[in-house]
Amino acid sequence: MRGSVVVTGGGTGGHLKVADAFVDEFNKRGIPVIFIGSSNGQDKQWFENDKRFKKTYFLDTKGVVNKNALGKVKSLFNILSKTAYCLGLFTKYNVKTVISVGGFSAAAATFASIAKLDCKLYIHEQNSVMGSLNKLTSKFATEVFSSFLKSSKIKDYPVSQEFFELGRIREEVKTIAFFGGSQGALAINDFALKVAFKLNEMDIKIIHQAGKNDFLRVKDEYEKLNIKADVFDFSKEIPLKMQEADFCVSRAGASTLWELCANCLPTFFIPYKYAAGDHQFYNAKDLKDRGLCFLQREEDLNEEDFFKAINSDIHTISKNLASSINSNAVSLICNIIVQNNK
Ligand SMILES: CC(=O)N[C@H]1[C@@H](OP(=O)(O)OP(=O)(O)OC[C@H]2O[C@@H](n3ccc(=O)[nH]c3=O)[C@H](O)[C@@H]2O)O[C@H](CO)[C@@H](O)[C@@H]1O
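Starting from 1, residues in each chain are numbered consecutively following that chain's sequence as written. Where totals are concerned, whole chains, interfaces and linings use all residues; where local detail is concerned, this predicted model gives features only for residues with pLDDT of at least 70, and gives and counts side-chain atom pairs only at 80 or more. Values reported for side chains reflect all heavy atoms of the structure, with hydrogen atoms and water molecules removed beforehand.

UniProt positions are given in the numbering used here, feature names are shortened, and annotations may be inferred rather than shown by experiment. Within the UniProt record for the protein chain, the comment given under Catalytic activity (unreviewed entry) is "di-trans,octa-cis-undecaprenyl diphospho-N-acetyl-alpha-D-muramoyl-L-alanyl-D-glutamyl-meso-2,6-diaminopimeloyl-D-alanyl-D-alanine + UDP-N-acetyl-alpha-D-glucosamine = di-trans,octa-cis-undecaprenyl diphospho-[N-acetyl-alpha-D-glucosaminyl-(1->4)]-N-acetyl-alpha-D-muramoyl-L-alanyl-D-glutamyl-meso-2,6-diaminopimeloyl-D-alanyl-D-alanine + UDP + H(+)". As stated in UniProt under Sequence similarities (unreviewed entry), the record for the protein chain gives "Belongs to the glycosyltransferase 28 family. MurG subfamily."

Laid out in structure tokens, this is it:
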């Protein structure tokens, strides 16, 4: 492959998990990868000192959306200065390929890839509604990959192999996992605590990812209820937690959603209502329309529908999930990139 490869993007786990899948695939092919992310958000927590990368850079960049006019101008100037810095890096490492997985962390390296004429930009958009950076830059990309875009050459999602390998067809609900996405979700924490007593009475074990900010409160509440739940703030072993569960309650972040499909784990999705363009709801809508998941808006959340869901035919759902996603998306995407950049 000509020149070096940069993977850029992040901010939250959903973007970073896709970056993770790309790095593994390029490394498998003996192609080193440089990562460019932000020092704000979760990028450092995921990739600092990660030996799989040839080099990692965490730039002091922040998002532009959701800021007042002055904040927007400041962020834009900052991104421009970091773009110039990235151009310097691109010359130093002879970068010819940039893969953006989106999020505010991707802005500087994405703009630099557009400015450098001999560099190709590839975008992976995870969500049903395109993020603002991708909207702005996609016309400059050689390819835009997304499960939700008709024009995408590869429609399956780059999910890590372990979610497939640890997948199994469920028969009955003995263990339930509650997942709040990479940052945890207050609404899911509260709902889990509300139904915990009844689940305990039904002899159903609880696994609960509560997120960093609410972890201690949640742990404390289970103790008060005298329930032995597997509660944690963030775990690097989500594939194992999924494997153990027979049913899941989750936010509908794109990476989690496709990992659950890969794992054949029937899920009750409660989308984050403030996600841009309501994308979490639309991430899950097609699966819901095909009878492959349950989907309920936070404001409609009620115990009756939840218990109806766990008592439904989860075996058929689990069986049908097995054909909802192919396991080779990341390899197919990398084939296209490598072929283009020979
Ligand atoms: C609030 C918000 O805007 N969230 C967005 C963010 O979600 P978020 O960052 O929560 O992303 P996802 O749910 O898509 O992915 C979270 C990732 O973190 C991993 N994980 C999670 C918890 C844990 O303890 N350990 C762990 O490793 C999961 O396995 C998954 O791979 O990015 C997604 C992908 O663009 C979007 O679809 C979401 O809408």
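## Some thoughts on the site of the ligand
Here a residue counts as near a molecule or strand whenever at least one of its heavy atoms sits within 4 Å of it. Taken together, 23 residues lie around the ligand, and Asn-127, Ser-182, Thr-256, Glu-259 and His-279 are the ones closest in. Pairs of N or O atoms are called polar contacts if they sit within 3.5 Å, as long as, within protein, a hydrogen donor faces a hydrogen acceptor (for residues adjacent in sequence, only side-chain-to-side-chain pairs). Asn-127 places a polar side-chain atom, nitrogen or oxygen, 2.5 Å from an oxygen atom of the ligand. Under the convention used here, a 1.4 Å probe and the Shrake-Rupley method define accessible areas, while residue burial counts only the protein chains that appear. In the complex, 90% of the free accessible area of the ligand, which totals 760 Å², lies under the protein chains. Going along the chain from the N terminus, every DSSP run of H or I of four or more residues is numbered as a helix, and every run of E of two or more is numbered as a strand. Sorting the residues of the shell around the ligand by element identifies helix H1 (13–28), helix H10 (254–262) and helix H11 (279–289) as the ones contributing at least two each. Among the residues forming the shell around the ligand, the class breakdown is five nonpolar, 16 polar and two charged. Boundary definitions for the domains trace back to an automatic or database domain assignment. Among the domains, domain 1 (4–158 + 327–340) and domain 2 (162–321) are the pair contributing at least three residues each to the shell around the ligand. When residue character is reported, Ala, Val, Leu, Ile, Met, Phe, Trp, Tyr, Cys and Pro are called nonpolar, Asp, Glu, Lys and Arg charged, and the others, Gly included, polar.

## A look at the domain arrangement of the protein chain
Looking at the assigned domains, one finds that the protein chain contains domain 1 (4–158 + 327–340) and domain 2 (162–321). Of note, the centres of domain 1 and domain 2, computed from C-alpha atoms alone, are 29 Å apart. Residue contacts follow a heavy-atom distance rule, with two residues in contact if any of their heavy atoms lie within 4.5 Å. Across the contact, 16 residues belong to domain 1 and 16 residues belong to domain 2. Summed over both partners, the accessible area (1.4 Å probe) lost when two parts come together is defined as the buried area. Summed over both partners, the interface of domain 1 with domain 2 comes to about 1,200 Å²; 59% of that surface belongs to carbon and sulfur atoms. Here a salt bridge means any side-chain nitrogen of Lys or Arg lying within 4 Å of a carboxyl oxygen belonging to Asp or Glu. Taken together, the links from domain 1 to domain 2 amount to zero salt bridges. At the junction of domain 1 and domain 2, the tally comes to six residue pairs in polar contact (both at pLDDT 80 or more). Taken together, the elements giving at least two residues each to the side of domain 1 that touches domain 2 come down to H1 and helix H2 (43–47). With four residues, the top contributor of residues to the side of domain 1 that touches domain 2 is H1. Among the residues forming the side of domain 1 that touches domain 2, the class breakdown is five nonpolar, 10 polar and one charged.

## Considering the environment of Leu-76
Note that Leu-76 resides in helix H3 (residues 69–93). On the accessibility criterion, Leu-76 (46% relative accessible area) is partly exposed. Put simply, Leu-76 and Asp-220 are 144 residues apart on the chain and 43 Å apart in space, counted from C-alpha to C-alpha. A 1.4 Å probe rolled over the protein chains alone gives each residue an accessible area, and that area as a share of the maximum for its type sets the label: buried under 20%, exposed over 50%, partly exposed in between.

## Some words on empty space enclosed by the protein
Cavity and pocket criteria rest on a 1 Å grid covering protein atoms alone: a 1.4 Å probe that fits but cannot get out defines a cavity, protein on both sides within 12 Å along at least 5 of 7 lines defines an open pocket, and an atom within 4 Å of a point defines a lining residue. Grid points are joined across faces, edges and corners, and a volume is the space filled by probe spheres set on the points. Counted according to the given criterion, the structure contains one cavity of 30 Å³ or more. Each pocket or cavity is described by its volume, and for the largest cavity that value is around 30 Å³. Looking at the largest cavity, the residues that line it are Leu-257, Leu-260, Cys-261, Leu-265, Thr-267, Phe-269, Leu-287, Leu-292, Cys-293 and Leu-321. Mapped onto the lining of the largest cavity, the elements with two or more residues apiece are H10 and strand E11 (267–269). It is H10 that contributes the most residues to the lining of the largest cavity, three residues altogether. Of the residues contributing to the lining of the largest cavity, the split by class is nine nonpolar, one polar and no charged.

## Examining the UniProt feature "domain: Glycosyl transferase family 28 C-terminal" (unreviewed entry) in the protein chain
This chain's UniProt record puts "domain: Glycosyl transferase family 28 C-terminal" (unreviewed entry) on residues 175–327. What you have in residues 175–327 is 46% helix and 14% strand, and the ends, taken at the C-alpha atoms, are 25 Å apart.

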